[in-house]
Amino acid sequence: MFRKQKQTLLLVGLLLWGMASAAQDTVKLTVQEAVKMALQNNTNILNSELDLKMARKKIWETTASGLPHGEVKSAYSFYPKVPTLPASFFDPNAPEDATIELGVKQNVITDITVSQLIFSGSYFVGLQASKVYYGLSQQNNEKARQDVIETVINTYNMIQLAEESKKILAQNLENINKTLYEISEMNKQGFVERTDVDQLELTGNTIRNAINQVNSNLEVAYRLLKIQLGLEDNAKLELSEQIESDESLTKSSLQLIVEQFNIEKNTDYKLVQTSEKAAKLQLNLAKTAFLPTISAYYNHTEKLKSPAFDFAPKDLIGINFSLPLFSSGEKLAVVSQRKMDLEKAQNTRRYVSSSLAMQATQYQSDLKLKLEKYQNQLKSKQLSDDIYQRTLEKYKQGVASSMDLMNSQNQYLTNLTDYYQSIYDLQSSKSKLEKLYNINQEVK
């Protein structure tokens, strides 16, 4: 018995350990996989999808309002004193004290009514409006997806650059530490001054501080990416895709610079177009207030007990017709307001059209400048790296001073930082232009 309990506890322990190990597995993602995960789990996307589902239900809600409706009503009635008439009123030969009840003391009456809308201007306009509302929800969902794609790609790129920068700084620190050891040994032998050793230690501390700053930035960036992907804060996340090569980055940027702007593909322009359609429908809805409303109905009544004389029919078919006569100018005032709303929507569409065209030109110009800056920084980084490596060799040979080494090293670190910043700026500029053009937004 004890052995069985021990085996059971061991099995449970192994199971829990396995679950805990699985929970701590590292999530490795390419940029496309990260975007795909964000589109599935991001809070803004989830809410946008719910809005889209609600818009679908709204279409059916509006459609169903014009379809047949059925209703059942039941009522219980009690008469403390039922009205009567002398029986002689109907039969002269009846006894004088004989009476006929004109109702029943207690009764349950059930009405079944079926109605059908025949004509209503507001119904037909409302049906069109619900479809426009659904289109608007689709476009808002598309915009939310574009926003998430842009932010996830930018965060992913930022982490890539920080990780790459960290590797290079670590390699530089390793070289400095190696040189520091050699110089320290030479100092002990009296071949170099203590100042050279101190200078190298100072340089090493500068690099350590830079690495610490990068680590801090990486921690924040990873947390931000986890939020965007809908992951828990304690999840382990790793990027499996390397930073884009210089050749690929330059080629994709040049292609985007010469890309023609098609405003019809822009999501913001689609939204203002849909808003204009909605304003037109609101105007049509206001005009339908002058039209009649026609509906038909069928009513069937059942009584638990029927009085002796019941002249109410059990079945009834009818048509309701409603036509507004006058409202002292109220409806005309509403129509005038809706006309002005439509004019405002048209003005907004023209303004957005001009703004987007100007924005496209500005973004292309900005991308061109960012590309030129990136290419210059790439050359500067390579030159400063060569200068630093040559100065380090000269320093080891005693040809260059510690001050020369420090200056070249600071120059290299500055250019390295500027180089990675130029990559991030270029990639962000590309993302903005792709979002404006609504291209390269597909998730593979």
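These notes cover the structure that comes with them. Since the structure is predicted, the reported quantities are computational estimates derived from the model, not experimental observations.

Bringing the environment of Thr 195 into the picture now. Inspection of the secondary structure assignment puts Thr 195 in helix α5 (residues 194-229). Linking Thr 195 and Met 403, residues 208 residues apart in sequence, is a C-alpha distance of 9.9 Å.

Mapping Gln 160 onto the fold places it in helix α4 (residues 121-188). A distance of 3.0 Å separates a polar atom in the side chain of Gln 160 from the backbone oxygen of Gln 242. Ignoring sequence-local partners within four residues, the contact set of Gln 160 consists of Leu 239, Glu 241, Gln 242 and Ile 243.

As a further point, take the sheet that holds strand β2 (residues 69-78). Pairing within the open sheet is antiparallel, and its 4 strands lie in the order β2-β5-β7-β8. The open sheet has two free edges, formed respectively by β2 and β8 (315-322), since each of these has just one partner strand. Sheet twist, expressed as the average angle between the axes of neighbouring strands with direction ignored, equals 25 degrees. Alignment of strand β7 (residues 293-303) against β8, held across 8 bridges, turns out to be antiparallel. Paired with Thr 293 across the bridge in β8 is Ser 322.

Of note, Glu 259 is situated in the loop between α6 (246-257) and α7 (267-287). You can call Glu 259 partly exposed: its relative accessible area is 36%. The spacing of Glu 259 and Glu 434 is 175 residues in sequence and 9.9 Å in space, taken between C-alpha atoms. In this structure, Glu 259 is in contact with Gln 364, Tyr 437 and Ile 439, ignoring residues within four places of it in sequence.

Ranked by size, the top nonpolar core spans 65 residues in total, and within it Val 152, Leu 225, Leu 229 and Tyr 374 carry the most contacts. Listed by contribution, the elements that provide at least two residues to this core are α2 (31-41), α4, α5, β6 (236-239), α6, α7, α8 (330-396) and α9 (402-437). Counting residues per element, this core draws most heavily on α4, which supplies 14 residues. Other than its neighbours up to four places away in sequence, Tyr 374 contacts Asp 246, Leu 249, Thr 250, Tyr 419, Ser 422, Ile 423 and Leu 426. Core analysis: the second largest hydrophobic core is formed by 6 residues, Ala 279, Ala 286, Leu 342 and Ala 345 among them.

Rules used throughout
Residues numbered from 1 in each chain as written. Predicted model: local features only at pLDDT ≥ 70, side-chain atom pairs only at ≥ 80, totals over all residues. Heavy atoms only, no water. Helix = DSSP H or I, 4+ residues; strand = E, 2+ residues; numbered from the N terminus. Polar contact = N/O pair within 3.5 Å; in protein donor to acceptor, adjacent residues only side chain to side chain. Contact = heavy atoms within 4.5 Å. Pairing = 2+ DSSP bridges. Axes fitted to C-alpha atoms, helices over the stretch in contact; angles between N-to-C directions. Buried < 20%, exposed > 50% of the residue type's maximum accessible area, 1.4 Å probe, protein only. Core = buried A, V, L, I, M, F, W, Y, C linked by side-chain atoms within 4.5 Å.

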